Amino acid sequence: MIPDRCKIEAQLQFEPGTHSCGIMLQTSDYLETSYYLRLDPQNNRLVFDSWTRGSGPEHPITSTDGGYMACLDRWINLDSHIPFDLKVFVDRTIALVYAGGRIAMCTRMYDLPSGRWGFFANQGSARFKNIRVTELLDLPMETNRKYSTRALPLLSPLPETAR
């Protein structure tokens, strides 16, 4: 499970022709629902969107076109030859993203309050390196609510190709 307050850092590099790749947040055990922070190399965009499988009023996530959440994208120049740094800060229902040291995006994750996290590549391949998950801990009120950190181990060993 993803900690309530954490920072996820990774460097990724995608192969030419890859449709999308990135980080999944608040993902259900069987991938029925998830938030996706994805790089869209074909359109030079960083997108925060969601996925739910099925139909009907019981679905927790609403969107404009089947998963893409309006106004949650940023234009960014993406090149398959250049590794790309992502930093994601999660504070319960808040996600704050820093991409490539140039782009920032902030959103809320009300509909899926908890879950797992992971990486993905869609119609292509990507390598994820320098992965670090750090739990953000509250300090006592007299320290003005600044955060301290504690490094967390990865949830499972990475295959050699992902290192």
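Computed from a predicted model, the values in this text were never measured in an experiment. (Residues numbered from 1 in each chain as written. Predicted model: local features only at pLDDT ≥ 70, side-chain atom pairs only at ≥ 80, totals over all residues. Heavy atoms only, no water.)

Caption draft 1: Representation of the pattern of salt bridges. Per the counting criterion, the structure on display carries eight salt bridges. Salt-bridge contacts for aspartate 40 lead to arginine 45; the nearest nitrogen and oxygen are separated by 3.2 Å. With a shortest N-O distance of 3.4 Å, aspartate 73 and arginine 45 are connected by a salt bridge. Note that aspartate 73 is positioned in strand 5 (residues 68-75) and arginine 45 in strand 4 (residues 45-52), a separation of 28 residues in sequence. (Salt bridge = Lys/Arg side-chain N within 4 Å of Asp/Glu carboxyl O. Helix = DSSP H or I, 4+ residues; strand = E, 2+ residues; numbered from the N terminus.)

Caption draft 2: Structural view of the environment of aspartate 111. One can find aspartate 111 in the loop between strand 8 (103-108) and strand 9 (116-122). Each C-alpha atom, one on aspartate 111 and one on threonine 33, is 9.9 Å from the other, the two residues being 78 residues apart in sequence.

Caption draft 3: Layout of the pairing of strand 1 (residues 5-14). Judged by how many residues are buried, strand 1 sits mostly within the fold: 10 of 10 residues are covered. Residues Arg5, Lys7, Glu9, Gln11 and Gln13 point to one face of strand 1 and Cys6, Ile8, Ala10, Leu12 and Phe14 to the other, with burial holding for every one of them. As defined by bridge partners, strand 1 adjoins strand 6 (residues 84-91) across eight bridges and the pair is classed as antiparallel. Pairing of cysteine 6 across the sheet is with valine 90, part of strand 6. Both strand 1 and strand 10 (residues 126-138) contribute to a ladder of eight bridges, which runs antiparallel. Bridging across to strand 10, glutamine 13 finds its partner in arginine 127. (Buried < 20%, exposed > 50% of the residue type's maximum accessible area, 1.4 Å probe, protein only. Pairing = 2+ DSSP bridges.)

Caption draft 4: A look at the environment of isoleucine 76. On the secondary structure map, isoleucine 76 appears in the loop between strand 5 and strand 6. Assessed through its relative accessible area of 2%, isoleucine 76 is described here as buried. The sequence separation of isoleucine 76 and asparagine 44 amounts to 32 residues, and the corresponding C-alpha distance is 5.3 Å. If near-sequence neighbours (up to four positions away) are discounted, isoleucine 76 is found in contact with Asn44, Arg45, Leu46, Phe84, Ala99, Arg102 and Ile103. (Contact = heavy atoms within 4.5 Å.)

Caption draft 5: Broad picture of unusual backbone geometry. A positive phi is found at asparagine 44, a non-glycine position, where the angle reads about 50°. Take asparagine 44: it is sitting in the loop between strand 3 (33-40) and strand 4. A positive phi angle, close to 50°, is found at glutamine 123, a residue other than glycine. Within the fold, glutamine 123 resides in the loop between strand 9 and strand 10. Classification of glutamine 123 as exposed rests on a relative accessible area of 53%.

Caption draft 6: Focus on the packing of aromatic side chains. With the rule as written, the count across this model stands at five aromatic pairs. Ring centres of tyrosine 36 and phenylalanine 120 lie 5.0 Å apart, and the angle between their planes is 85°; this geometry places the pair in the edge-to-face category. Separated by 84 residues along the polypeptide, tyrosine 36 in strand 3 and phenylalanine 120 in strand 9 bring together distant segments of the chain. You'll find tyrosine 36 and phenylalanine 120 in the same group, each marked buried. Between tryptophan 117 and phenylalanine 119, the ring centres sit 5.3 Å apart and the planes meet at 85°, which makes this aromatic pair edge-to-face. Look at tryptophan 117 and you get buried, because its relative accessible area is 13%. These aromatic residues form a ring-pair network of at least three members: Trp117, Phe119 and Phe128. (Phe/Tyr/Trp six-rings, centres within 6.5 Å; stacked < 30°, edge-to-face > 60°.)

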